[in-house]
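Chains, contacts and geometry: an overview
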Amino acid sequence: MLVQPRKEVSLLALLDPEIPGAIALPDDTWGINLAAARLNFPDKGMKIQIPVWTQKSLGDNVKLLLNGNQVAQHTVTQQFELEERTTLFVPAERFLSGEAELSYSVKRVSQAAETGSPLKLFVKLDLPGGQDLDPGYGHSELVMTFDPANLVRDGVDKETAKKGVRIIATPKSGSGLPYPNIALGDVIIAAWAGKIRESEPVTQKQLDDPVNNPVEVLIDEATILEAGDSKRVSVSYKIRDCVYNESEDWCKAEGVTVDTNNSRLEAPALKDNEGLT
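Described below are features of the structure shown in this document. (Residues numbered from 1 in each chain as written. Predicted model: local features only at pLDDT ≥ 70, side-chain atom pairs only at ≥ 80, totals over all residues. Heavy atoms only, no water.)

1. What to know about unusual backbone geometry
Our working rule: Only DSSP runs of H or I with at least four residues qualify as helices, and only runs of E with at least two residues qualify as strands; both kinds are numbered from the N terminus onward.
Residues D147 and P148 are joined by a peptide bond in cis, for which omega reads 10°. Checked against the element boundaries, P148 lands in the loop between strand 10 (144–147) and helix 2 (151–154). The phi torsion at N67 lies on the positive side, around 55°, for a residue other than glycine. Of note, N67 is situated in the loop between strand 4 (61–66) and strand 5 (69–75).

2. Some thoughts on the nonpolar core
Heads up, the condition is: Residues grouped as a nonpolar core are buried Ala, Val, Leu, Ile, Met, Phe, Trp, Tyr and Cys residues, joined through side-chain atoms within 4.5 Å. Buried, partly exposed and exposed residues are distinguished by accessible area as a fraction of the type maximum, computed with a 1.4 Å probe on protein chains only: under 20%, between the cut-offs, and over 50%, respectively. Contacts: residue pairs with any heavy atoms within 4.5 Å of one another.
Counting 31 residues, the largest nonpolar core has I19, I32, L64, V90, F95 and L121 as the members making the most contacts within it. Listed by contribution, the elements that provide at least two residues to this core are strand 2 (30–32), helix 1 (34–39), strand 3 (46–50), strand 4, strand 5, strand 6 (86–90), strand 7 (98–107) and strand 9 (119–123). Per-element tally for this core: the top contributor is strand 7, with four residues. Contacts of L64, omitting those with residues within four sequence positions, involve I48, I50, N69, Q70, V71, A72, L88, F89, V90, L102, S103 and Y104. Within the second largest apolar cluster, 28 residues are counted, among which are Y179, I182, V235 and C251.

3. Points about the environment of E254
Mapped onto the elements of the fold, E254 is located in strand 16 (residues 254–258). Separated by 102 residues in the primary sequence, E254 and V152 place their C-alpha atoms 7.5 Å from one another. Every residue in contact with E254, bar those within four places of it in the chain, is listed here: M144, F146, V152, V233, S234 and V235.

Here it is in structure tokens:
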């Protein structure tokens, strides 16, 4: 479970709540993706587990707070609850993309309520690439081009392999950004004949000037040689953001001929639902 440690804990101090599926971000914030907030428990919302607090007793009441507002509560009524975590849910409709704070308070029997320190959340509900409007294989909003530009026509020979191949996330016609909902920290996950390679995280420069700072991933010589020669290597990519939302589908795959004299393999068939082989 994801629990932030405390440097000093008093006897009655409340431990941080546990958020299944939360992503630890570099700035001591917990990232909340669409699955954690709305999809894992669609009828209930985001699951929160409250650690057993000191002197937990029958009649104690716990309140879950989002941005200081109560979103759920529970009163301890059963003996078995005294040694178990208390599970509460933040209703899905209470979340919006952006920063938030999560905390809880405990009202012990015959004592004043105590509130724990809030956890900082970064909620991101939009998927990289936006909505896929194509019911078939291949994300309607994801486009790729290559460097060298004539890769699909000319294929990859030994010299091209030495330089590597760059897969570039390219705007659709009439669009300025490489893909909808692009954000800092996004990673391009490329598949070259099933070999997965990832880009560096998207930077502010790439957001501000994607033409001169393309969002791309390098398929290096080692990867090309490891995948081997083929008349039709399948190439595609998908996107994962900083809280581990992923695009709804892979980009429509392209077939690339590879002939480096490294091997003589027949082409694997392009799969309609994978784009990885």
